[in-house]
Amino acid sequence: MQIVCISRGSYDYSKTLAEKLAGKLGCACISREMITDTATDFGIPVGRLEVAVLKNRPITEGMAIEVDLFKAFVTTYLCERALNESLVYHGRTGHLVLPGLSHVLRVRAIAEMDARVKNSAERMNISWEKAKQYNVQVDEDIRRWVRRLYNVDWDDPSLYDMTISASHLSEENAAAILMNMAQMPEFTITPASRQALQDLLLAARCRLAIGMETGTQDLKVSVQARKGEVSVTYPPQEERRAKEIPRILGQVPGMQSLVCTVASSNILYVAETFQAESPEFTHLVEIAEKWNAAVDVVHLSSEAAPEAEPESAAPLLAAKSAGDGGILDDRDAGQAQRIKKEGVPEVMDKLIQAGRAGKLRNIGGGPAGLVTQIPKTESYNLIVVGEVFAEKKLSKQRLKRDFLSLLADKFRVPVLGTEDLKSQYLFGPRQLVSLIGSLALAIVIYALAFTNQEPVMKFMAAGQTHGSFGAKVAATVFVLAFTPIVAFTVGAFYKNLLKLLKIE
Amino acid sequence: MSELVGGLFIHMSWSVALQVALLGMIGGILSGFIGSGGAFFMTPGMMNLGVMGPMAVASNITHKFGKAMVGSKKHGEMGNVDKKLSIIMLITAAVGIRLAVWVMKLLFAGAGDGHGGAKGAGANLYISLVFVIILAVVSLSMLRDIVSSRKKEETGPSTKIVDFLARLKLPPTIYFPVADVNVSLWVVLICGLATGYLAGTIGVGGFIGVPAMIYVFGVPAAVAAGSELYLAMFMGLWGALNYAWEGMVDIRLTMILYSGSLLGVYLGAYGTKVVKEVVIRAVTSIIIILCVLSRMVATPAYLQQLGLINTDPAWNTWFNLASKILLYVSGTTGALLILFFVLRAYWKRRKIEASLTLGR
């Protein structure tokens, strides 16, 4: 069974291409319009979302939840079909609607602007200029939609397996090429990718179930699933309503267990090997507790893996579900042995005990694999990198530093090595010195200023008392230099004090 | 009670210093919680303690300079700052501040000279009137927003202005990459001017800058808050420079404000993580309305000092007292409410555990 997703613009070429390809593969051709109509009938205000995004209106909390529900609806719709048959989907975000599935062929169809303008002018019976303006506007709208919903660039070539240009290939020939490509082993469903598809469907169904229940429809949650094990995170202020989640998800077919974690923020913890007893990991748990954060763990493997598999925390603890098939069992047994050796179960166990467990993922291809396989759309407050590049003894430190800056560029959030966690976010000797130092400096500054109020204020009032030009300059320079010193000194004192009291 | 430099600056007793620190703390909590402002509480609060309006504004804008520097550094790390937008707004914001300082200087010099009024009464009245008008509009709009957002069909902040300006297409338009919006340069410059003028007049530029970015430019709320803080740092710098040049900055007030506000900012920011958005907006608008009432109550005293109304000067003490009580009640109630949320969340955090349901 094949899944081909075509990302298209405003032109007819892609639609025809998708239909021809579906005809050749003998499968269903699903358009974005079909799904949005069904979603609207289902009760998701897709039209309102489109207007808000395309008119660049700010996304409110309520709308962010509607976006979540829409994405879950699209995933459910496509996954339900894709589990039983091949399909071709075409829409503006075709390449993004089924994330994390290795066997999906993602195609971008493009056409030269002149050809599109000619087509639009003829189709809509408008002038060349107006048709050009229309096409430019449509492209801009799609870019905005993609950026708002998925936080990626529509034109980023790394998100596509192939780009087809209407100027060089007829629809017929392009469909023939895609048909051959879709039948290659890389794009054929495997037991593992079927499992990933089922997980994606289960998570989407759970998200929809929470969003469609009257009492929890505006609850901000994040849902992940792996082999029937569902992991839900929700913000602390929703604690009371979140108690309904187990009851609601009890009706979702396919769910075997549930982990609910209260989290106001998310931390991504990445490493090749883990040590649950190490002080660095203890620091990470301490920070997660302090921030009410869920910790997503990414286990990096140097072996090239076919795909990133989303996993929840529970499977490592719970008994394996039945019905995986022999191939999957063997693969899992090998993988389970490896992750056990590298300390993953202990780490997850500790996170669950602390109530801070997010999801677990195994990613092949080492650190480079992480950069390509974790989408930019995932939102984290902090990324923490543990033991990586272990085999590169001499260049390990430099490679890790480069890796940290690569992650910071991609996710635009603070990225730290585990060794720096304590000095940055916890109270230690360095913070104690800073606390005492800033307090001492503040006392000296305040004492000097307040025991000499009269001369200080005379000096400051040069502009009011017809002071000389030099006196006015001196007073002005003093204010501009002195104010930040006081602000940073007092700020450093309070920052460390609150760190000591664990209020951050 | 002796006064410094010919009565320009107040005598700083322990009691006054403690009250200023408290103002700073409450202002800081509100500022950290609401995301902007705090000055709407601190400026009139200092005026109620006997600080002349221009000195209160000058000390507060200088305080804002350092505070925004600390805050924008943090926002920058989170990718919430559109530097291009802030810098373009800054061009006219600087002009606005300079204009505000000039107007203030004229009013400050003009009053109390032969009309029987106290020195600074004209400036005080002017600041109070601008304060009342602007903040009444802001708070009532916020309340209306809360009421309308309770209806299911509401899509968030109104974008009528954004849509209207988009249709106008006033060239040249500029693309702001972090905020992801295209806005006419003229619109940005006009909003910058208004933001700067209000920051220079009442020290509350954020209440214009942030809504302008959201409602007029269509910028996402987080980027609006971060970019405004970045802009506020430069506006604070420029405002401090101008007021310091005119000899109006009371550096003692600035220092005492820091001692309370920086603690308050951290506590208020923590509060935003644990309180629902609608509660944040409701608390904010009620506090602002009470601050507006407080300034309205103080206005007759300034009118009397300028000879514009004929009331018994003895009543001024009562007007001032009533204004002071209203301000403290509003700020303290708001800050206590926020502190309550913060502490409740702090204790609750230790009780909440993950719930694990296995074996369905």
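Rules of the game
Residues numbered from 1 in each chain as written. Chains lettered and ligands numbered in written order. Predicted model: local features only at pLDDT ≥ 70, side-chain atom pairs only at ≥ 80, totals over all residues. Helix = DSSP H or I, 4+ residues; strand = E, 2+ residues; numbered from the N terminus. Buried ≥ 20, exposed ≤ 12 C-beta atoms within 10 Å, placed from the backbone. Contact = placed C-beta atoms within 7 Å. pLDDT = per-residue confidence, 0-100. Arc of directions from axis to C-beta. Core = buried A, V, L, I, M, F, W, Y, C linked by C-beta atoms within 7 Å. Pairing = 2+ DSSP bridges. Axes fitted to C-alpha atoms, helices over the stretch in contact; angles between N-to-C directions. Parallel < 35°, antiparallel > 145°, perpendicular 65-115°, else oblique. Left-handed = near helix turned anticlockwise from the far one by under 90°. Nonpolar A, V, L, I, M, F, W, Y, C, P; charged D, E, K, R; others polar. Expected span 1.5 Å × (residues − 1).

(A) Looking closely at the overall build of chain B. What chain B contains, in helices and strands, is 12 helices and 3 strands. Considering chain B as a whole, with its 360 residues, one finds that 54% of them fall into the buried category. Contacts in chain B between residues far apart in sequence, at least 24 positions, make up 77% of those at least 6 positions apart.

(B) Broad picture of the overall build of chain A. From N to C terminus, chain A includes 19 helices and 14 strands. Taken over 504 residues, chain A has a buried fraction of 43%. Long-range pairs, those at least 24 residues apart, make up 79% of the contacts in chain A between residues at least 6 apart in sequence.

(C) Structural detail: the confidence of the model for chain A. Taken residue by residue, chain A gives an average pLDDT of 81. The fraction at 70 or more is 87%. Predicted confidence for residues 305-331 of chain A stays below pLDDT 50, and this span has 67 contacts to residues more than four positions away or in other chains.

(D) Structural context of helix α18 (residues 453-460) of chain A. Of the residues making up α18 of chain A, those classed as buried are Met-457, Lys-458 and Met-460 of chain A. Buried residues of α18 of chain A fall within an arc of 160 degrees about the axis and therefore sit on the same side.

(E) Broad picture of the nonpolar core. The biggest cluster of nonpolar side chains holds 123 residues, and the ones touching the most others in it are Met-233, Ala-240 and Val-249 of chain B. It is helix α9 (residues 221-245) of chain B that provides the largest number of residues to this core, a total of 16 residues. The contact partners of Ala-240 of chain B, leaving out residues within four places of it in the chain, are Val-479, Leu-480 and Thr-483 of chain A together with Ile-61, Thr-62, Phe-65 and Val-249 of chain B. Within the second largest apolar cluster, 115 residues are counted, among which are Leu-49, Ala-225, Val-295 and Ile-363 of chain A.

(F) The pairing of strand β4 (residues 104-110) of chain A, seen in detail. Residues and elements named next belong to chain A. Burial runs high along β4: 6 of the 7 residues are buried. The sheet contact formed by strand β1 (residues 3-7) and β4 spans 5 bridges and is parallel. Paired with Cys-5 across the two strands is Arg-106, which belongs to β4. Two elements, β4 and strand β5 (residues 162-165), share 4 bridges in a ladder whose sense is parallel. Bridge pairing links Val-107 to Met-162 in β5.

(G) Structural context of the packing of helix α17 (residues 429-451) of chain A against helix α19 (residues 469-500) of chain A. Residues and elements named next belong to chain A. At their nearest, the axes of α17 and α19 sit 8 Å apart, and the two run at 140 degrees to each other. On the basis of their axis angle, the class for α17 and α19 is oblique. Along this stretch, α17 crosses α19, giving a crossing that reads as left-handed. Within the contact between the two elements, α17 uses Gln-431, Ser-434, Leu-435, Ser-438, Leu-439, Leu-441, Ala-442 and Ile-445 and α19 uses Val-486, Thr-489, Val-490, Ala-492, Phe-493, Asn-496, Leu-497, Lys-499 and Leu-500. Tallied by class, residues from the contact of α17 with α19 come to 11 nonpolar, 5 polar and 1 charged.

(H) A look at the packing of helix α5 (residues 113-124) of chain A against helix α6 (residues 128-150) of chain A. Residue and element names in this part refer to chain A. Axis separation between α5 and α6 bottoms out at 8 Å; the angle between their running directions is 115 degrees. Taken as axis vectors, α5 and α6 run roughly perpendicular relative to one another. For the element pair α5 and α6, the recorded crossing hand is right-handed. Along the contact surface, α5 presents Met-113, Arg-116, Val-117, Ser-120, Ala-121 and Met-124, while α6 presents Trp-128, Ala-131, Lys-132, Tyr-134 and Asn-135. Looking at the contact of α5 with α6, its residues break down into 7 nonpolar, 2 polar and 2 charged.

(I) Inspection of unusual backbone geometry at higher detail. All names here are of chain A. Backbone geometry places Asn-125, a non-glycine residue, at a positive phi of 55 degrees. You can see Asn-125 is positioned in the loop between α5 and α6. By C-beta crowding, Asn-125 is classed as exposed, having 8 other C-beta atoms within 10 Å.

(J) Just the sheet that holds β4 of chain A, in detail. Residues and elements named next belong to chain A. Strands sit in the order β2-β3-β1-β4-β5 across an open sheet of 5 strands; the sheet is parallel. The sheet is open, and its two edges are formed by β2 (28-31) and β5, each paired on a single side. With direction set aside, neighbouring strand axes in the sheet form an average angle of 20 degrees. Across 4 bridges, the pairing between β2 and strand β3 (residues 87-91) is parallel. In the sheet register, Ile-30 faces β3, and the bridge partner there is Tyr-89. Here helix α1 (residues 12-25) sits on the sheet and contacts β1, β2, β3 and β4; the angle it forms with β3, its principal contact strand, is near 175 degrees. Against the sheet, helix α2 (residues 32-42) makes contact with β2 and β3, and its axis sits at roughly 65 degrees relative to β2, the strand it touches most.

(K) Expanded view of the confidence of the model for chain B. Residues and elements named next belong to chain B. Residues of chain B with pLDDT of at least 70 account for 81%, and the chain-wide mean is 77. Throughout residues 112-117 the model reports pLDDT below 50, and contacts reaching past four residues in sequence, or to other chains, amount to 12 contacts. Below pLDDT 50 for its whole length, residues 351-360 participates in 23 contacts with residues either more than four positions away or in separate chains. Model confidence for the complex is summarised by a pTM of 0.61, with the ipTM given as 0.75.

(L) Summary view of the environment of Gly-53 of chain B. Examined against the element boundaries, Gly-53 of chain B turns out to sit in helix α3 (residues 53-77). Separated by 55 residues in sequence, Gly-53 of chain B and Phe-108 of chain B place their C-alpha atoms 9.0 Å apart.

(M) A look at the environment of Tyr-126 of chain B. Looking at the element boundaries, Tyr-126 of chain B is found in helix α5 (residues 121-149). The spacing of Tyr-126 of chain B and Tyr-302 of chain B is 176 residues in sequence and 9.3 Å in space, taken between C-alpha atoms.

(N) Up close: α19 of chain A. If you check α19 of chain A, its first and last C-alpha atoms are 47 Å apart, about what 32 residues at 1.5 Å a residue would give, namely 46 Å. After α19 of chain A finishes, the residue Lys-502 of chain A shows a positive phi value of roughly 60 degrees.

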